[in-house]
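Per-entry structural report
If you want the building blocks of each chain, they are given just below.
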Amino acid sequence: MKTRKPASLNALGETVTGSESESQPKLDEITIVQAPRDLMGTLIKCIGVTLLAMVAAVYVWLAKVTTLDNQWLVLDMLEAIKLFGVDDAYRFYIAKAAGVQPGIFSWNYALPVGVFLDNMAATLFGNNLFLMRCFHIVPAFMTLWFVYKTGEQLGVSKGINVFSPLVLACMPLYALVFLSFYGESWLAFFFSAAMCAFAFRRYLLCAAIASLMPLIRAEGFFLIVFLALFFLKERQWKCFITLGSPGGLYFLWLLFSLDSLSDYFTWRLTLRKAMNVEFYEAYFVNNTLSSFNLMWIGPALLAFWFTGFRRMWPIWGGAMVWLIWLSVTLAQKYTYYEARYLLSILPVISVAFAYAMTALSKTPVFIKARTGLNFLMGVLILLVISEHFFQVDALRAKYAGGERWPVNGPRPIVNQFWRFSPEEMQAPKETTRVLYSLLARYPLVDALVINKSDIFYYLDPRRIPPGVTVSFSNDRDYMALIYFKGYFFTMHPGGKQYSIYRFRTWAGEQKRAALYVGQLRCKRCEPVYKFNEQYQVYMFWYEPGDLKTYENLIEAATPKR
């Protein structure tokens, strides 16, 4: 009796029967046919490596020209948001301060894994901003490598698989966020590493990597939900326990390190309410449709229809959960849109795009017109890469009329690149020097409130006297003085992780004194130091504010829906 050979799966998960296998060419025939393809594959890889080397050089150049040193070329206005702004500067300071201020690791403004990694870089490079930005190029390119290896494991064709990471590498959002100190860059790195490990079926390694994601960014929790379901379904108990262990240990750490677990969330909820007073209409919901080229997103969605890609459901499922959650919070105005929020799931989209392109190339229509359609596929990739440059406001304003298809997002707030003047670059340096002098001269000062975030690029936490709370105030002066009746809400690690100050004119010896750095357009407020209108230092005595009173003022000032 003739037996039928068992069916098998090819790289794309398609069924190949035994009879079909018998009809395949012999080994010597395969060798003759494949030799030119191998040569072409090698050539494509060489081109890809060369292009990535050029991209790396551009990244180093970006790190240099966007660093407050001898020059600062402003290239980082993306989707009406300045990337190297408030959060980047403050997180840079947090990374420097982590070694001398352990309370930072109990603060959810910058979660512990990202802070630890950036603190390692700060220690290694002596707090040098340029070198620390360059250090971030390493995880950026490792993320591209994980995307490439994942595609290779899933059977993506060599040509497409080489150029797929280039779509990411050439994206301004990808480059600039990875050069920054936002947690999204480390989350994208760990998520892509977990994706790669899952593709290779190294499930325990995948669980170990993914377990750290909630300790980098809060949305890391959403990204491991489907992994947890997968490990439960497959009865991978060791992987399931590994996945939840770091988060569980961190939760226990918070219970013992905080006076109250509510302190972990209160400051952020209050800050969001206060920001909603000013930015109530600035949620940019439509930008989720135009930040990324739909010719890239569209084919990526097709990948879900192919069997070979469906086995990656715990990975893309987690990405979808995060996207849905972000959309809901945007719609409910609990946050406002920044394109960087989606950086962590871009590696998944990149792999899905490459997989879908490969699967489509296997269809009969494509095979009949391979040369022409290969050319069109190359053109498509180039169009996606070039169109993504319109994420930069100045380029979009100059070459695209300030708009992006398919919807009109917010008008770009800048229409050209510019450099900071020598005076603008000197201002934070000189103001920081004055702060050291004032803190040494007035030991009664126990609070340093900074409203000009560029100061954080220069402020050395080791030169701050013990007992001085360094905090950041995001309140505009007119908001605090007019709407919040003189109350300033500030955030900082340690204690309740926030402070509320009501400043009083300096009047000699007082119990509590504070320095405020920024601009206060108040007739009775005279600065003790003034570099220019933006960089001024004020000295006040202050009264601690009451949270309930402050929240009542917020409620009274918030526009009604």
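Residues numbered from 1 in each chain as written. Predicted model: local features only at pLDDT ≥ 70, side-chain atom pairs only at ≥ 80, totals over all residues. Heavy atoms only, no water.

With respect to the confidence of the model for the protein chain
- Summing up the model confidence of the protein chain, the mean pLDDT is 83 and the portion of residues at 70 or higher is 84%.
- The least confident element of the protein chain is helix α1 (residues 18-22), whose mean pLDDT is 44; the most confident is helix α9 (residues 183-199), at 97.
- In the model, residues 1-11 has pLDDT below 50 throughout and makes 16 contacts with residues more than four positions away in sequence or in other chains.
- In the predicted structure, residues 13-35 sits below a pLDDT of 50 and forms 19 contacts with residues beyond four places in sequence or in another chain. (pLDDT = per-residue confidence, 0-100. Helix = DSSP H or I, 4+ residues; strand = E, 2+ residues; numbered from the N terminus. Contact = heavy atoms within 4.5 Å.)

Looking at the packing of α9 against helix α18 (residues 346-361)
- Across the interface, α9 lies against α18 with an axial gap of 8 Å and an inter-helix angle of 40°. In terms of orientation, α9 and α18 fall into the oblique class. Only Pro-347, Val-348 and Val-351 of α18 make contact with α9, whose side of the interface consists of Ala-188, Phe-191, Ser-192 and Met-195.
- For the contact of α9 with α18, the per-class residue count stands at 6 nonpolar, 1 polar and no charged. (Axes fitted to C-alpha atoms, helices over the stretch in contact; angles between N-to-C directions. Parallel < 35°, antiparallel > 145°, perpendicular 65-115°, else oblique. Nonpolar A, V, L, I, M, F, W, Y, C, P; charged D, E, K, R; others polar.)

What to know about empty space enclosed by the protein
- Tallied over the entire structure, the rule returns 5 cavities of 30 Å³ or more.
- When its volume is computed, the largest cavity comes out at roughly 110 Å³.
- Residue lining of the largest cavity: 13 residues in total, with Ala-110, Gly-114, Val-115, Asp-118 and Phe-181 positioned closest to the centre.
- Of all the secondary structure elements, the ones that give two or more residues to the lining of the largest cavity are α3 (86-97), α4 (112-124) and α9. (1 Å grid on protein atoms, 1.4 Å probe; cavity = no way out; pocket = protein on both sides within 12 Å on 5 of 7 lines; lining within 4 Å. Points joined across faces, edges and corners; volume = space filled by probe spheres on them.)

Comments concerning the pairing of strand β8 (residues 469-473)
- Of all 5 residues in β8, 4 are buried, a share of seventy percent or more.
- Relative to β8, strand β7 (residues 445-450) is paired through 4 bridges, and the arrangement is parallel. The residue of β8 that forms the bridge with Ile-450 is Phe-472. (Buried < 20%, exposed > 50% of the residue type's maximum accessible area, 1.4 Å probe, protein only. Pairing = 2+ DSSP bridges.)

Regarding α9
- An ideal rise of 1.5 Å per residue puts 24 Å on 17 residues; α9 measures up with 24 Å between its terminal C-alpha atoms.
- Within α9, 17 of the 17 residues are buried, which leaves it mostly tucked inside the rest of the structure.
- Count one or two residues on from α9 and you reach Arg-201, which has phi positive near 60°. (Expected span 1.5 Å × (residues − 1).)

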